[in-house]
Amino acid sequence: MNSKLLNEIVEKIKKDLKGKGILACSGGTDSSVLAVASKMASRDGVLSIFVDTGLVREGERKRVESFFKEFGINFKIVDESELFLSNLKGITDPEQKRKVIGETFIKIFEREALDFKAEYLLQGTIAPDWIESGGKNRDTIKSHHNVGGLPEKMNLKLVEPMRDLYKDDVRELSKELGLDTSLQPFPGPGLAVRIVGEITKEKIVLLKKVTKIVEDEIEGALEPAKRPWQYFAVILPVKTTGVHGDKRSYGNTVAIRAIDSTDAMTGTFHRFDWEFLEDLSTRITNEVTSVNRVVLDITDKPPSTIEWE
Ligand code: XMP
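Summary of the structure given here. (Residues numbered from 1 in each chain as written. Predicted model: local features only at pLDDT ≥ 70, side-chain atom pairs only at ≥ 80, totals over all residues. Heavy atoms only, no water.)

Let's talk about a negative patch on the surface
Next, step 1: Together, D273, E275, E278 and D279 make up a negatively charged patch on the protein surface.
Next, step 2: Of note, D273 is situated in the loop between β8 (268–269) and α9 (274–287). (Patch = residues over 30% accessible without salt bridge, like charges linked within 9 Å, V, L, I, M, F, W, Y side chains within 5 Å. Areas by Shrake-Rupley, 256 points an atom, 1.4 Å probe, with all protein chains shown as cover. Salt bridge = Lys/Arg side-chain N within 4 Å of Asp/Glu carboxyl O. Lys, Arg positive; Asp, Glu negative; His and termini not counted. Charge placed at Lys NZ, Arg CZ, Asp CG, Glu CD. Helix = DSSP H or I, 4+ residues; strand = E, 2+ residues; numbered from the N terminus.)

See below:
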């Protein structure tokens with residue numbers, strides 16, 4: 001166990017957390033490592049909260065609940081899917097989406113903090129989050145929801161003990177702690193940044209189905225070490241003409257994004273076998289009939305980012 005790094009995180013929490021705190025836990029690697037470290041630092045002084053934004057993947061809520069239980073973490077799950085959907089109504093600009101999502105999260109956390117009598121908010125922010133959100137005098141590439149989306153006035157004091165770590169450090173820690181290491185990174189704003197354009201209930205339902213197929217197919221075909229570093233589907237605001245049976249269709253377009261990386265700062269698009277891609281595309285259009293076109297993203301980071309928004 002790289003107990004030095006873990007000890008450092010635990011010590012930082014002990015030093016910065018001078019009262020009760022709530023922890024924003026998405027169930028991803030960063031916030032899960034933080035939840036375990038917080039339990040070590042302060043057994044009952046921290047409440048981990050998973051917010052079901054409605055923009056999470058199929059089965060995510062259940063999976064996170066099992067993680068909390070398995071690691072004996074003090075937790076609460078809140079369903080705010082209707083609130084996120086109504087706050088995002090009509091918004092198409094990606095940065096605007098991220099700000100609205102950040103503010104909605106913070107309002108929920110402030111309410112929950114009041115309930116738990118907490119003064120602190122613990123977040124699993126890591127270096128790429130704040131670097132790409134315009135830290136260190138860089139240009140803002142995108143406002144990661146747990147950084148750039150924070151309103152200027154916030155009633156909670158932030159504790160971010162992992163700010164200087166990179167994804168590969170956190171993955172290593174996660175392995176040492178016995179967490180599920182097959183988890184791929186998932187962005188805080190969730191499926192919202194994978195629906196280009198306005199978010200609607202219908203598009204969320206569609207994207208959840210396609211996402212599940214992409215994950216199933218890749219995980220079924222490739223052993224963990226051979227899988228791309230991150231893989232998902234994106235729904236585009238483009239409808240095109242197609243043919244289903246012998247009838248004209250006018251359907252949705254989805255893009256497949258799969259990237260190989262070590263720290264999310266740079267990456268190359270994953271080279272799949274053509275046969276695999278053919279099977280994947282056929283399965284998507286057969287099972288989600290409102291999709292009649294599947295395209296593949298073949299751009300590296302840079303010049304693209306990993307997520308489309
Ligand atoms: P980008 O799209 O910036 O993504 O190349 C780099 C990595 O970060 C994830 N990502 C986020 N994670 N909050 C997060 O916690 C966010 O707002 C956010 N945006 C992107 C992305 O999935 C990729 O792994």
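Concerning the packing of helix α2 (residues 29–41) against helix α7 (residues 167–176)
Next, step 1: One can describe the packing of α2 onto α7 by two numbers: an axis separation of 9 Å at closest approach and a directional angle of 50°. Taken together, the axes of α2 and α7 are oblique relative to one another. Judged by the sense of rotation from one axis to the other, the crossing of α2 with α7 is left-handed. Side by side, α2 and α7 meet where T29, D30 and V33 of the first sit next to K167, V170, R171, L173 and S174 of the second. (Axes fitted to C-alpha atoms, helices over the stretch in contact; angles between N-to-C directions. Parallel < 35°, antiparallel > 145°, perpendicular 65-115°, else oblique. Left-handed = near helix turned anticlockwise from the far one by under 90°. Contact = heavy atoms within 4.5 Å.)

A few points about helix α3 (residues 60–70)
Next, step 1: Along α3, the residues classified as buried are E60, V64, F67 and F68. Considered in projection along α3, the buried side chains sweep an arc of 100° and stay on one side of the axis. Facing away from the buried surface of α3 by more than 90 degrees, the exposed residues are K62, K69 and E70.
Next, step 2: Check the buried side of α3 and you find it contacts α2, β2 (46–52) and β3 (75–79). (Buried < 20%, exposed > 50% of the residue type's maximum accessible area, 1.4 Å probe, protein only. Arc of directions from axis to C-beta.)

A closer look at unusual backbone geometry
Next, step 1: The omega torsion across K301 and P302 is -15°, close enough to zero to call that bond cis.
Next, step 2: Mapped onto the elements of the fold, P302 is located in the segment after β9 (291–296).
Next, step 3: Looking along the chain, the bond that leaves P302 and enters P303 is cis, with omega of 15°.
Next, step 4: By the secondary structure assignment, P303 is in the segment after β9.
Next, step 5: Positive phi, close to 60°, is recorded for K117, a residue that is not glycine.
Next, step 6: In this fold, K117 is placed in the loop between α5 (94–116) and β4 (120–122).
Next, step 7: Overall, K117 belongs to the exposed group, its relative accessible area being 67%.
Next, step 8: Despite not being glycine, A264 has its phi angle at roughly 70°, a positive value.
Next, step 9: The residue A264 is located in the loop between β7 (247–260) and β8 in this model.
Next, step 10: Given the relative accessible area of 13%, A264 is considered buried.

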